[in-house]
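So the chains spell out like this:
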Amino acid sequence: MRLSYYPGCALHGTSEEYNESILAVCRHLGVELEEVRDWNCCGASAAHVMNDGLAVSLPARNLQIAEEMGMEMLVPCAACFNRLKTAHAAILNSAGGQWASYKGELTILHVNELFNKQPLPQLLQESVVRPLEGLQAIPYYGCLTVRPPKIMAPENCEDPKGLDLILSTLGAQVVPWSFKTDCCGGNLALTRSEIVRKLTGDLFEMALEAGGECIVTDCPMCQTNMDTRQAEIEQERGKKYSLPVFYITELMGLALGEKKTCNWLKKHLVDPRPVLRRKGLIQ
């Protein structure tokens, strides 16, 4: 299986461990990724609230290059995924214009979509060497990969299952909860931090109430927000959460026996290693 790969700005910066874990997992499963040539920032999360033209033009250039590569495209960042899918729909619904040469034949995949695409579920199941038995995992999708549903086209915008299915295949105990698509407030991190603390703090509360030991996401904005804000929310609420926030591909790497997994985990502010040691998953 070969795909073009649009990492976006976050995966070459603050979410480097997400990028590294995706590449490692794909190597294990025989998925070949070719980075989109000369890609540019998609404009998330400011362009669409400041300039309608840039909101389409920035992601459209990437779409056109990827379409010329002739493969389906993997977009791991939820914000990038949202902007690229939105631009794709805007171009197809417009009457020609600058991007009229874009045919709209490109398939844009998010991480949980890729690893639930045949034949990868079976390959993943056969490749697990360290099942994540006993790990009580909270699947958290956030809001950007499922909304607006007419454009994102999820199978179920209120109760998506992609992360749940991957976690089950890895042997983890998937913890049901009703906040899996609630917003963490990530795009307000610098402008309205009090809103972010309220939204994210509520997610921590509900994750603990559901019995979760960790949160698992495939969105770099959500992971960064929950990982970096947890200490200040604990201080504000006078409560200890100690909820590590994993990228789904980090746990996939662990289950597949990837040797570099602990290098990724060291980069987290909320140290995920203690809970993994308690489960006997790492030394």
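See the structure above.
I will try to describe carefully the structure that is included in this document. Starting from 1, residues in each chain are numbered consecutively following that chain's sequence as written. For a predicted model such as this one, the threshold for reporting local features is a pLDDT of at least 70, and the threshold for listing and counting side-chain atom pairs is 80 or more; totals across whole chains, interfaces and linings nevertheless cover every residue. Water and hydrogen atoms play no part in the side-chain values, which are based on all heavy atoms of the structure.

Points about the overall build of the chain
Scanning the chain from terminus to terminus reveals 14 helices and eight strands. C-alpha atoms define the radius of gyration in this analysis, and the globule rule sets the expected value at 2.2 Å times the number of residues to the power 0.38. For 283 residues, the compact-globule estimate of 2.2 N^0.38 gives 19 Å, and the C-alpha radius of gyration of the chain, at 18 Å, lies within 12% of that figure. For the chain, the C-alpha atoms occupy an extent of roughly 55 × 45 × 30 Å along the three principal directions. Using the Shrake-Rupley algorithm and a 1.4 Å probe, accessible areas are obtained, with residue cover drawn only from the displayed protein chains. Of the roughly 12500 Å² of accessible surface on the chain, 51% is carried by carbon and sulfur atoms. This count recognises Lys and Arg as positive and Asp and Glu as negative, with His and chain-terminal groups excluded. Lys charges are placed at NZ, Arg charges at CZ, Asp charges at CG and Glu charges at CD. Positive and negative side-chain charges in the chain, numbering 28 and 33 respectively, have mean positions lying 3 Å apart. Note on conventions: DSSP H or I runs of at least 4 residues are helices, E runs of at least 2 residues are strands, and numbering of each starts at the N terminus.

Examining the pattern of salt bridges
A pair can form between side chains of opposite charge whenever their charged atoms are brought close. A pair is scored as a salt bridge if a Lys or Arg side-chain nitrogen falls within 4 Å of a carboxyl oxygen belonging to Asp or Glu. All told, the structure shown has 20 salt bridges when counted by the stated rule. Taking the shortest distance from any N to any O, the salt bridge between lysine 180 and aspartate 159 comes out at 2.9 Å. Within this pair, whereas lysine 180 is found in the loop between strand S6 (173–174) and helix H10 (193–210), its partner aspartate 159 is found in the loop between helix H8 (149–152) and helix H9 (162–170), the two being separated by 21 residues in sequence. The buried label goes to any residue with under 20% of its type's maximum accessible area, the exposed label to any with over 50%, and the partly exposed label to all in between, with areas taken from a 1.4 Å probe on protein chains only. Accessibility expressed as a relative area gives 31% for aspartate 159, which makes it partly exposed. In this structure, lysine 240 engages glutamate 234 in a salt bridge whose closest nitrogen and oxygen atoms are separated by 3.5 Å. The exposed category is assigned to lysine 240, whose relative accessible area is 61%. Assessed through its relative accessible area of 11%, glutamate 234 is described here as buried. Residues participating in the shared-partner salt-bridge network are Lys198, Asp202, Glu205, Arg237 and Lys239.

What to know about the packing of helix H4 (residues 52–69) against helix H5 (residues 78–92)
Only the contacting stretch of a helix is used when fitting its axis, a line to C-alpha atoms as for every element, and angles between N-to-C directions run 0 to 180 degrees. One way to put it is that H4 packs onto H5 with a least axis distance of 8 Å and a crossing angle of 95 degrees. When the axes of H4 and H5 are compared, the pair comes out roughly perpendicular. The segment H4 lies against H5, with Ala55, Val56, Pro59, Ala60, Asn62 and Leu63 engaging Arg83, Leu84, Ala87, His88, Ala90 and Ile91. Gly falls in the polar group here, along with every residue not listed as nonpolar (Ala, Val, Leu, Ile, Met, Phe, Trp, Tyr, Cys, Pro) or charged (Asp, Glu, Lys, Arg). Taken together, the residues of the contact of H4 with H5 break down into nine nonpolar, two polar and one charged. An angle below 35 degrees is treated as roughly parallel, one above 145 as roughly antiparallel, one from 65 to 115 as roughly perpendicular, and anything else as oblique. A contact between two residues is defined here by any heavy atoms of the two lying within 4.5 Å.

Describing the packing of aromatic side chains
For this analysis, a ring pair means two rings from Phe, Tyr or Trp (six-membered ring only for Trp) whose centres lie within 6.5 Å, classed as stacked if their planes differ by under 30 degrees, edge-to-face if by over 60, and tilted for the remaining angles. Across all of its chains, the model carries five aromatic pairs by this definition. Taken together, a centroid distance of 4.3 Å and an interplanar angle of 5 degrees make the contact between tyrosine 18 and tyrosine 247 stacked. Of this pair, tyrosine 18 sits in helix H2 (residues 16–29) while tyrosine 247 sits in strand S8 (residues 245–247), and the two are 229 residues apart along the sequence. Each member of the pair, tyrosine 18 together with tyrosine 247, is buried.

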